[in-house]
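# Descriptive structure summary
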Amino acid sequence: MTAVEITLNVNGHDRPVSVPPRMTLVDCLRDMLRMTGTHVGCEHGICGACSVMLDGEPIRSCLMFAVQAEGHKITTVEGLLQSDGSLSDLQDSFWECHALQCGYCTPGMLVASESLLNENPDPTADDIREAISGNLCRCTGYQQIVEAVQMTAKRRREGASNG
Amino acid sequence: MVDAPATLPNYRYVSRKRRTKEDRRFVSGRGKFVADVDVPGMKHVAVLPSPHPRANIVSIDTSAAEALPGVHYVLTGDELAEGTNGLFHGLDIPNVIWHPLAVGMTRYAGEWVAAVVADSRYIAEDATELIEVDYESLPAAVDSEKMLDEDQPLVHPAHGTNVLFRKTWEWGPVADDFASVPHTVSYRARWGRSSTVPIETFGVVAKWDDVNEIMDVWASIQMPQYQDQIASALRIPMNQVRVHNDVDVGGSYGVKRGIKHTVLVSYLTKNLGFPVRFIEDRLDNMSGGDAHGPDRIFDITMAFDDEGVIKSMKVRALDDVGAYPGRAPLQLGKPITALCGPYRLNSIEYEAISVTSNKTGQVPVRGFGQSPTNFAVETGVERVAKYLGIDRVEVRARNLVRKDEFPWKIPPGSKYDSGDFHAVLAGILETSNWDNLIARRDALRDEGKLAGVGIATCLEPGGGNNIFEYLFNPKLEITTFVESVLIKVEPTGAITAVMCTTTSGQGHETLVSTIAGEELERDPDTIRVVHGDSLEALPTRSPVASRMAIVLGTATSKAARDIKAKMITIAAHDLGVERDQIEYGDGEFSVRGNPASKLTWPEICHIAHKQFHRMPPGHELGLQSYAVQQVPGAGSLPDENNEVPLYPCFSFQAHVPLVEIDPDTGKVKVHDYFIGHDCGTAINPDIVRGMIIGGVAHGIGAALYEKFAYDSDGQLLAGTFVDYLLPSAHEIPPVTDSEHCTPSPMTSLGQKGSGEGGYLGAPAAIASAVNDALAPFDIEINELPIRARDIEAALYEKTK
């Protein structure tokens, strides 16, 4: 199968890559670009482990071909870190609230949560449950994830009012 | 989270709110899962599943697959069976042969028949479609109850029957006890075939190095005796197998037992000369991964008096382990350790039956059979209450072991170590505001809705010694299940602890660093915990059976205390006083009554490593200690009455959910969920809380949604997440967790197990709530999962 030369914009950087047309975006990110923070869970669009942001919206990178992502801005869990490599407030809140156990669904949960907070800076617990309802977690029962997102929202609101 | 810190030792780190050691790498996207392991030159495996539940393999033509560019090899079952030994079973069933690929016959739909090795997974999958297999389809054995009949198709013809194990035990005077009380209830409770279904599938990478004669294995594994079984199957010495335990495991809860996957890729790399990787896709995982859970029918009779005090019970448990049993039948054995739940029964009869069928194989699932058993026992307690018209909370209170009765020996021999069950029960009534909850239920009913409040009181045994293996197979004369740790202090004073297994979310690095930090009065954040590979590791039996806080935790205390003792010896010698004159605190060793005469932590480390002239004569250089921990209270085989202690520690939990059922669709909504929980000393409260709530979520799934359903021909009907329903954040309510602490006398800091916690009681509690909601219609459903369509059908029957 002839490979296709494409350029993907991942976390603000243009990354030229040669992929078979049938390669999914998640396989391209993981196997070609070696960005392994994004995980594969079900490969049929249910579990949300492979969630990345495409132009700010959470999408399933297992349901998209890499070639379809050219020309869009892709954000992965690695792109949520601050520019100096330190944790974002959301990542830090996940740590503070122990919003994970095995850590496998966590990158997808972070992407879904960040997308929510970008749209809604003051979400209710129900809003958060709605936003992460497309991401399955077998460890936590979701509660500490909800608490971590609430903590982040509070931090951001307080940061905004202080600044 | 610990409700009475004033009554506990004043710990610095233990039981305190502290961030975990592991979470940082996961929120950064820097976990190292097996699919992240990139071994240069590795090739990729895809497998071909059988479409038939039971069929003879007439022929396999691999030529077209082999001819596809990018394909390196196509392996069939005959070749693999020739080159490897069969896989391990817990039972003594020598004629039930298990290989990673089907040999001669396929025994379930989804069983792997051939494996392709190619440059990429994409090409390997293309090639599987080019393999031509000629099958002779045969009728399948599907209905587990029929396996006791002789005329069923045989899953393993050489074994001669589909019954793999059948034995009855009697502990205590069952007949006398039945004769001594006026009432009995008999009932059936059925646990559906579900599993833990982690979001990460199983995966393994193997690399054989024929110069150094070593098999490197990276796997998402949670399994005792993994390296032993790899070596045995491949016919190589165990010291030629190196399992890398620093692979993060993306969830397991018992099921990541990929021995057949591992033997498959290990054989391939050994014969092909390059590294080989196999990562299950979701269909591989659900249909062919041999990772289903218990599928169990309980028939129980309870005998009780006018007051609802249960004296005895007879239990028959029939479990369908699928086509290849592995260790699964032993899941009928572990619950013997808490067979009567937290209740004061005087005798028990237990018949355990394990049958094979043409279904995907079963593996150990969270609690190792305890959650189905708890559900079955709780169903009986509800029956007793209903029969006598006594409140179901009151019936439980009358039967629970009382706090002044510990250690409490149950008929099969286990001793419940400690607890205050009545305090936890009283606590949950208060936390849940029980009367108000009943009022809310009734208000919902007044609005024309169906609503119910549930209750369950259950035990979580922790730290098993695995003597149940011997009860099921006397050839497995095992009386311990060790765990070890090595702690070393570097010349500069930095502390490193080596644990010996993988971790799948339980927070073992936090466990070890917190306890070592507590014992040594050093900041746990500065203590590094590494996962030694299987060649470097001390004896381990892996993180199963809610055992790591108990066994690894106690080992950590012992090793740390030994290091402290060594440092005191060095300080006493150097300062010229007796050992008992040295006081230790906050990293300083000083002479009692003369605090100016002291040595600091780094000074002693420097002496121990580099200053032989200042060391006590004959004292070992360096600062290191290891502890190999026996299961507390274990070590003997069963006595002449087949009584034996199986687990040392028993955590207790009380669950109270409020549910509403849509009368038109049967859909259940869980409104509120309260749990009272006592696991002794919680090492890290956030970790305990997370596992409890996560366990509840897992239990809600098993109670209401999750089932590996089969049709009557043996075809799996749930091979995707569209058919096998995992609960999302919508289905799981906020859970209110109130923690109690009755320290265990069996462990170093009073800790008990907590990893299986919520899962062991939630299915019983949800069933209780649903049946409370259905009680006005005189409907009782004792078969899990209770799906919306089951409720709808039952309501339709009653109201049509």
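Remember, it's a predicted structure, so these values are computed and weren't measured experimentally.

Another point: the overall build of chain A. A tally of helices and strands in chain A yields 5 helices and 5 strands. Seen in sequence order, chain A has helices and strands lined up from the N terminus as β-β-α-β-β-β-α-α-α-α. Per-residue burial for chain A yields a buried fraction of 55% across its 163 residues. Put simply, of all contacts in chain A between residues at least 6 apart along the chain, 57% involve residues at least 24 apart.

Another aspect to go through is the domain arrangement of chain B. Residues and elements named next belong to chain B. By the assigned domains, chain B splits into domain 1 (417-463 + 647-800) and domain 2 (482-629). Computed over C-alpha atoms only, the centres of domain 1 and domain 2 are separated by 41 Å. Among the residues making up the side of domain 1 that touches domain 2, the classes are represented as 5 nonpolar, 9 polar and 3 charged.

Bringing the domain arrangement of chain A into the picture now. Residue and element names in this part refer to chain A. Each assigned domain of chain A is listed with its residue range as follows: domain 1 (4-79) and domain 2 (89-162). With centres defined by C-alpha atoms, the gap from domain 1 to domain 2 works out at 22 Å. With 14 residues of domain 1 at the interface, the matching set in domain 2 holds 12 residues. Looking at the side of domain 1 that touches domain 2, the elements that each hand over two or more residues are strand 3 (51-54) and strand 4 (57-60). Of all the elements, strand 3 adds the most residues to the side of domain 1 that touches domain 2, at 3 residues. Tallied by class, residues from the side of domain 1 that touches domain 2 come to 7 nonpolar, 6 polar and 1 charged.

Moving on to the sheet that holds strand 26 (residues 623-629) of chain B. All names here are of chain B. If you trace the 4 strands from one edge of the open sheet to the other, you get 22-21-20-26, paired in mixed fashion. Looking at strand neighbours, the two that pair on one side only are strand 22 (528-531) and strand 26, the edges of this open sheet. Each neighbouring strand pair of the sheet contributes to a mean axis angle of 20 degrees, computed without reference to strand direction. Pairing of strand 21 (residues 495-499) with strand 22, which is carried by 4 bridges, proceeds in the parallel orientation. Within strand 22, the residue paired with alanine 497 across the bridge is valine 529. In the packing of helix 14 (residues 508-520) onto the sheet, the strands contacted are strand 20 (483-489), strand 21 and strand 22, and the crossing angle to strand 21 comes to about 135 degrees. Strands strand 20, strand 21 and strand 26 of the sheet are contacted by helix 15 (residues 548-575), whose axis makes an angle of about 150 degrees with strand 26.

Let's shift gears to the pairing of strand 8 (residues 183-191) of chain B. All names here are of chain B. By the bridge criterion, 9 bridges tie strand 8 to strand 13 (residues 296-304) in an arrangement that is antiparallel. Within strand 13, the position partnered with alanine 189 by the bridge is phenylalanine 298. In terms of strand pairing, strand 8 meets strand 30 (residues 783-784) through 2 bridges, oriented parallel. When the bridges of strand 30 are listed, arginine 190 appears paired with glutamate 783.

Moving on: the nonpolar core. Residue and element names in this part refer to chain B. By size, the foremost hydrophobic cluster in this structure holds 279 residues, and its most contacted members are Val116 and Val485. Element by element, the count of residues in this core is highest for helix 15, at 12 residues. Not counting residues up to four positions away in its chain, the partners in contact with valine 116 are Val45, Ala46, Ala65, Val71, Val74, Ala124, Ala127 and Thr128.

Moving on, we get to the interface of chain A and chain B. Reports often express the size of an interface as the amount of accessible area lost when the parts come together. At the junction of the two partners, chain A supplies 41 residues and chain B supplies 44 residues. If you list the elements that add at least two residues to the side of chain A that touches chain B, you get helix 2 (89-96), helix 3 (106-119) and helix 5 (143-162) of chain A. With 4 residues, the top contributor of residues to the side of chain A that touches chain B is helix 2 of chain A. Looking at side-chain class alone, the side of chain A that touches chain B contains 21 nonpolar, 14 polar and 6 charged residues.

So, on to helix 17 (residues 685-704) of chain B. Spanning 20 residues, helix 17 of chain B covers 28 Å between terminal C-alpha atoms, matching the ideal 28 Å at 1.5 Å per step. Burial within helix 17 of chain B is extensive, with 19 of its 20 residues counted as buried.

All names here are of chain A. Closest axis-to-axis distance for the helix 2/helix 3 pair is 10 Å, and the angle between their directions is 125 degrees. As judged from the angle between their axes, helix 2 and helix 3 are oblique. Crossing handedness for the pair helix 2 and helix 3: right-handed. Across the interface between the two elements, Leu90, Gln91 and Phe94 of helix 2 pack against Thr106, Leu110, Ser113, Glu114 and Leu117 of helix 3. Looking at the contact of helix 2 with helix 3 residue by residue, the classes come out as 4 nonpolar, 3 polar and 1 charged.

Residue and element names in this part refer to chain B. Here alanine 376 shows up in helix 9 (residues 370-388). Classification of alanine 376 as buried rests on a count of 27 C-beta atoms within 10 Å. Separated by 388 residues in the primary sequence, alanine 376 and alanine 764 place their C-alpha atoms 7.7 Å from one another. In this view, alanine 376 contacts Ala189, Phe298 and Ile300; residues no more than four positions away in its chain are not counted.

The next point concerns the environment of arginine 614 of chain B. Residues and elements named next belong to chain B. Following the sequence through the fold, arginine 614 ends up in the loop between helix 16 (601-610) and strand 26. On the basis of neighbour count, arginine 614 is assigned to the partly exposed category, with 15 C-beta atoms found within 10 Å. Note: C-alpha distance between arginine 614 and histidine 573 (41 residues apart in sequence) is 7.9 Å. Once residues within four sequence positions are removed from consideration, arginine 614 is found in contact with Asp574 and Ile607.

Residue and element names in this part refer to chain B. It is at 9 Å that the axes of helix 14 and helix 15 come closest, and there the two elements cross at 35 degrees. Viewed along their axes, helix 14 and helix 15 form a crossing whose handedness is right-handed. Touching His508, Leu511, Val512, Ile515, Ala516, Glu519 and Leu520 of helix 14 are Met548, Ala549, Leu552, Gly553, Thr556, Ser557, Ala560, Arg561, Ile563 and Lys564, all from helix 15. When the residues that make up the contact of helix 14 with helix 15 are grouped by side-chain class, the tally is 10 nonpolar, 4 polar and 3 charged.

Parameters and conventions
Counting restarts for each chain, with residues numbered from 1 along the sequence as it is written. Lettering of chains starts at A and numbering of ligands starts at 1, both following the order in which they are written. With pLDDT at 70 or above as the cut-off, local features in this predicted model cover only qualifying residues; side-chain atom pairs require 80 or more to be listed or tallied, and sums for whole chains, interfaces and linings still use all residues. What counts as a helix is a DSSP run of H or I of at least four residues, what counts as a strand is a run of E of at least two, and both are numbered from the N terminus. Counting other C-beta atoms within 10 Å of a residue's own tells you its class, since 20 or more makes it buried, 12 or fewer makes it exposed, and anything in between is partly exposed; those C-beta atoms are placed from the backbone. A residue pair is marked as a contact if its C-beta atoms, positioned from the backbone, fall within 7 Å. Domain delimitation follows an automatic or database domain assignment. Polar here means any residue outside two lists: the nonpolar Ala, Val, Leu, Ile, Met, Phe, Trp, Tyr, Cys and Pro, and the charged Asp, Glu, Lys and Arg; Gly therefore counts as polar. At least two DSSP bridges between two strands are required for those strands to pair. Orientation is described by lines fitted to C-alpha atoms, with helices fitted over the stretch in contact, and by angles between N-to-C directions that extend from 0 to 180 degrees. By our criterion, buried Ala, Val, Leu, Ile, Met, Phe, Trp, Tyr and Cys residues that link up through C-beta atoms within 7 Å make up a nonpolar core. The span you would expect from a helix comes to 1.5 Å times its residue count less one. Throughout this description, any angle smaller than 35 degrees is read as roughly parallel, any larger than 145 degrees as roughly antiparallel, any in the 65 to 115 degree range as roughly perpendicular, and the remainder as oblique. Helix crossings are classified by the rotation of the near helix relative to the far one: an anticlockwise turn of less than a right angle makes the crossing left-handed, while a clockwise turn makes it right-handed.

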